[in-house]
Amino acid sequence: MAQVKRCLNQWVVKLFLESYESLIGANMNKANVLMVFFIGLMLLAPELVTSQELTVNSNVLTNLKFDAPENLADKKYLGLHDGPTFKLPQIRAKFIIIEIFSMYCPICQRDAPVVNELHDLILKVPSLRDNIKIVGIGVGNTPYEVSVFKKKFNVSFPLIADDNFLVQKALTENIRTPTFLVGKLVVDGKFKIVFTKVGAIKNAGEFLKELVTVSNSPRG
Amino acid sequence: MRKIHSVVVVMSFIGLWQLLALSLSWGASVPADSSIYDPGKLKAIDSSTKLKAGDIAPDFSLPTLSGGPITLSQYLNKKNVVLSFVPAAWTPVCSQQWPGYNIAKDLFDKYDAQLIGISVDNIPTLHAWTKEMGDLWFPVASDFWPHGAVAKKYGILRSNGVSERALFVIDKKGVIRYVDVHDINSMPKLENLIKELKKL
């Protein structure tokens, strides 16, 4: 079993390294670099459009206070100290994937297994596990409603209730669920949003690859 | 000539690339709830029901999505019933309320309750709309014709012909135990409904 796990780890790491290499264009001739550049441009263009439709105010998001999860395992995972509330940058990680979802949202329900898979992928690679944490924010949901979603889809990462639509304050547009925000910790107590995605992930591996690319780029 | 030719080739490549980028961007930037119509903020409640806890629930029979009609009295002495009236298909809150109940079947089962969804939309509209929600475990009834007759019977037909967002909990004896004519703009909290089921 351990061997299978190790193999999987190696495979995932190899996948990332390959994606880095193709993006950096290491050991490639001029034509290949150009080709990669144009393919990259083509792939990136729609993503930029996606990002443009969502404006996130990192400062506002940084200062929102959410109720801390009651579950001890969740608290430990996020690295939170005791206290009834917490702010997102207090989460002990370099990158935080924030899934804004709702228990009532059918797209979020359909995407739940994919987000679980994303979490599993992250847990499998130690370097990712220690640096990336996922937290779900149930917008307009009570703790009870969030717990129904968590139980139904066996969600192993923490889900936070946001009954008062606090997270809406950080967005200029109406929230559409699911929305994924990736925050990067810049200094203690502050983070900035480096990546946004509106709509379902659909493919956990692709999303993670994209995320790793962003986290290693200068804009990340 | 060759120069023009290469310019044309380059231009068509750029055109193709832009077309591809645009088509992909439509795919990528489609809002999570793209088919949903936003009616804006509405008057919270636009009717006044005389029904209250303790009253006998008015009986009705309505066609359902699965074909056959559903009659309230068929559940007499068998199951508790929750009627969930929603105002209209393809609107923001309504499009999420039933999917929420759809993942809470265990809770309805726990309290021996049958959920019935009702809207004044016609069957084809309800068919297309609920298909987006995934497979619903509960029947969806159409109160389309005579238009909103059941909603009217329950005193929750709004002046523009849609029903309120309302929940009625009816016990096995056919007695109404809980009425929540909710602000049309917001979602009733699931735990409030479950709390009422627990009391039965």
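Residues numbered from 1 in each chain as written. Chains lettered and ligands numbered in written order. Predicted model: local features only at pLDDT ≥ 70, side-chain atom pairs only at ≥ 80, totals over all residues. Heavy atoms only, no water.

*Asks:* Looking at this structure, how should I read the overall build of chain B?
*Replies:* A count of helices and strands for chain B gives six helices and seven strands. Listing each helix as α and each strand as β along chain B from the N terminus yields α-β-β-β-α-α-β-α-β-α-β-β-α. With 200 residues in all, chain B has 46% of them scored as buried. Only carbon and sulfur atoms are counted for the fraction: they give 61% of the accessible area of chain B, which is about 10200 Å². (Helix = DSSP H or I, 4+ residues; strand = E, 2+ residues; numbered from the N terminus. Buried < 20%, exposed > 50% of the residue type's maximum accessible area, 1.4 Å probe, protein only. Areas by Shrake-Rupley, 256 points an atom, 1.4 Å probe, with all protein chains shown as cover.)

*Asks:* Whenever I open this one, the state of the cysteines confuses me. Can you help?
*Replies:* What we call a disulfide is simply a covalent bond connecting the sulfur atoms of a pair of cysteines. Residues and elements named next belong to chain A. Taken as a whole, this structure holds one disulfide over all chains when the rule is applied. A sulfur-sulfur distance of 2.5 Å marks the disulfide that ties C105 to C108. On the S-S bond that ties C105 to C108, the torsion sits near 90 degrees, and the link is right-handed. Considered together, C105 and C108 belong to a single accessibility category, that of buried residues. (Disulfide = S-S within 2.5 Å.)

*Asks:* Honestly, the pattern of salt bridges in this entry has me stumped. Any pointers?
*Replies:* Oppositely charged side chains can form a pair if their charged atoms are brought close together. By the definition in use, this model includes 10 salt bridges over all chains. Across the salt bridge formed by K209 of chain A and E206 of chain A, the nearest N and O atoms sit 3.6 Å from each other. You can see K209 of chain A and its partner E206 of chain A sitting in helix α8 (residues 204-216), three residues apart, about one turn around the helix. Exposure remark for K209 of chain A: the relative accessible area of 24% places this residue in the partly exposed category. For E196 of chain B, the salt bridge is made with K199 of chain B, and the minimal N-O distance between the two is 3.1 Å. (Salt bridge = Lys/Arg side-chain N within 4 Å of Asp/Glu carboxyl O.)

*Asks:* Even after reading the chapter, I still don't get helix α5 (residues 106-124) of chain A, so can you show me in this structure?
*Replies:* Residue pairs spaced three or four apart in an α-helix point in one direction, given the helix's 3.6 residues per turn. When the terminal C-alpha atoms of α5 of chain A are compared, their 28 Å separation across 19 residues agrees well with the 27 Å that a helix rising 1.5 Å per residue should span. Where α5 of chain A bends most, the angle comes to about 45 degrees, and this point is A112 of chain A, followed within four residues by the proline P113 of chain A. (Expected span 1.5 Å × (residues − 1). Bend = angle between axes of the 7 residues up to and from the residue.)

*Asks:* Got a minute to help me understand the confidence of the model for chain A in this structure?
*Replies:* Residues and elements named next belong to chain A. Confidence in the prediction for chain A averages 80 pLDDT; 75% of positions are at 70 or higher. Across residues 1-10, confidence stays below pLDDT 50; counting only partners more than four residues off in sequence or on other chains, it has three contacts. Note on residues 33-52: pLDDT is under 50 here. Beyond four places in sequence and across chains, it has 24 contacts. (pLDDT = per-residue confidence, 0-100. Contact = heavy atoms within 4.5 Å.)

*Asks:* Just checking my understanding: could you explain the side chain of S58 of chain A for this structure?
*Replies:* For S58 of chain A, the position within the fold is in helix α3 (residues 58-63). Residues within four places of S58 of chain A in sequence aside, it is in contact with F191, K192 and I193 of chain A.

*Asks:* How should I be thinking about empty space enclosed by the protein in this particular structure?
*Replies:* Rolling a probe over the atoms, with the probe sized like a water molecule, indicates the empty space that remains. Residue and element names in this part refer to chain A. Tallying each qualifying case throughout the model produces one cavity of 30 Å³ or more. In this structure, the largest cavity encloses a volume near 40 Å³. Lining the largest cavity we find E99, A112, V115, N116, F149, V155, F157 and L159. It is α5 that provides the largest number of residues to the lining of the largest cavity, a total of three residues. (1 Å grid on protein atoms, 1.4 Å probe; cavity = no way out; pocket = protein on both sides within 12 Å on 5 of 7 lines; lining within 4 Å. Points joined across faces, edges and corners; volume = space filled by probe spheres on them.)

*Asks:* Got a minute to help me understand the layout of surface pockets in this structure?
*Replies:* Taken as a whole, the second largest pocket encloses approximately 1100 Å³ of empty space. Considered class by class, the residues forming the lining of the second largest pocket number 16 nonpolar, 12 polar and seven charged. (Nonpolar A, V, L, I, M, F, W, Y, C, P; charged D, E, K, R; others polar.)

*Asks:* How should the pairing of strand β3 (residues 80-85) of chain B be read in this particular structure?
*Replies:* The two faces of a sheet get side chains in turn, since along a regular strand they alternate between them. Residue and element names in this part refer to chain B. Most of β3 sits inside the fold, with six of its six residues counted as buried. Burial of β3 is two-sided: the residues N80, V82 and S84 facing one way and the residues V81, L83 and F85 facing the other way are all buried. Relative to strand β4 (residues 113-119), β3 runs parallel, the two sharing six bridges. Note on β4: the bridge partner recorded for S84 is G117. Examined bridge by bridge, β3 and strand β6 (residues 165-170) share five bridges and lie antiparallel to one another. Considered in β6, the bridge of S84 is made with L167. (Pairing = 2+ DSSP bridges.)

*Asks:* Explanation requested: the nonpolar core in the structure shown.
*Replies:* Generally speaking, a soluble globular protein has its nonpolar side chains buried in company with each other. Of all hydrophobic cores here, the largest spans 93 residues; its most connected members are L61, L88, I97, I98 and F149 of chain A. Broken down by element, this core gets its largest block of residues, eight residues, from α5 of chain A. By size, the runner-up hydrophobic cluster in this structure holds 22 residues, among which are L62, Y154, I170 and V181 of chain B. (Core = buried A, V, L, I, M, F, W, Y, C linked by side-chain atoms within 4.5 Å.)

*Asks:* Help me out: how do you make sense of the sheet that holds strand β3 (residues 95-101) of chain A in this one?
*Replies:* Think of a sheet as strands paired side by side through backbone hydrogen bonds, with each pair either parallel or antiparallel. Residues and elements named next belong to chain A. One open sheet holds the five strands; their spatial order is β5-β4-β3-β6-β7, and the pairing between them is mixed. Every other strand in the sheet has two partners, leaving β5 (159-162) and β7 (190-198) as the edge strands with one partner each. Geometrically, the sheet is characterised by an average inter-axis angle of 25 degrees between neighbouring strands, direction not taken into account. Bridge count between β3 and strand β4 (residues 132-139): seven bridges; the pairing is parallel. Bridge pairing in β4 links F101 to G138. (Axes fitted to C-alpha atoms, helices over the stretch in contact; angles between N-to-C directions.)

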